[in-house]
Every structure is written in structure tokens, then in C-alpha cells.
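Fold and contact review
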Amino acid sequence: MFQPSVQAPHLPDIPALPISPWKDTPMPKGEKLTIADICEDLEISRSTFYDWRQKGRAPKCMKLPNGDLRVRRTDYDRWLASLEDAS
């Protein structure tokens, strides 16, 4: 039986990323949320989100070249905090 004489190099340990509250996936730095993520978190329909956006009441969005919208996690957290301050 053939056994290689060279062993694979040891890979460094990579620290775990925090888990997103919306999914069981790692949350990379600078995470961008989809409209579906936001609607699920707030328990609202997409039409409600777009209504809020048209009225200037939604979190700040960015439009991707394909037309999809994303919301930076930091902008979403800041927007939620502003709602708490207003009440």
C-alpha cells in the first residue's frame, strides 16, 4: 500500500463568528441584510416594508446593481435604536 511521505500542513485555528439571529449562519463583519431578513425579524410583510421605505420610515437601504436591496446591519441596529428612543 502506498503512503505519501509528505504530510499536509496544519491549518491555523480560525475563531468562530457570531451567529445571526435570523439564520444559523455566521455573521461576517459588515453583514448586509436582505429585505426578507428584516421582514422576518420585524414580522411584517414585504409590502409593509416597501410602504415604510416610500414614506421614509424604513432603515437606510442600498441598491445593488441587480436591483436588489440590502441593509447594512449597523444601519438596521441604529434604526431600531432610534425607534426605541422615539417611544
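Residues numbered from 1 in each chain as written. Predicted model: local features only at pLDDT ≥ 70, side-chain atom pairs only at ≥ 80, totals over all residues. Heavy atoms only, no water.

What follows deals with helix 1 (residues 35–42). All of the buried residues along helix 1 are I35, D37, I38 and C39. Of the residues flanking the end of helix 1, it is E43, one or two places downstream, whose phi is positive at about 55 degrees. (Buried < 20%, exposed > 50% of the residue type's maximum accessible area, 1.4 Å probe, protein only. Helix = DSSP H or I, 4+ residues; strand = E, 2+ residues; numbered from the N terminus.)

Moving on, we get to the sheet that holds strand 3 (residues 69–72). Pairing is antiparallel in the open sheet, where three strands are placed in the order 1-3-2. The open sheet terminates on both sides in strands that have one partner only, identified here as strand 1 (32–34) and strand 2 (62–63). Looking at chain direction, strand 2 and strand 3 are connected through two bridges and run antiparallel. What sits directly across from M62, in strand 3, is R70. Across the face of the sheet, helix 1 comes into contact with strand 1 and strand 3 while running at roughly 75 degrees to strand 1. (Pairing = 2+ DSSP bridges. Contact = heavy atoms within 4.5 Å. Axes fitted to C-alpha atoms, helices over the stretch in contact; angles between N-to-C directions.)

Let's shift gears to the environment of L69. Tracing the chain through its elements places L69 in strand 3. Along the primary structure L69 and T34 are separated by 35 residues, whereas in three dimensions their C-alpha atoms are 6.7 Å apart. For L69, the residues in contact, after removing those within four places along its chain, are L33, T34, I35, Y50, R53, C61, M62 and K63.

These figures come from the coordinates and say nothing about function on their own.
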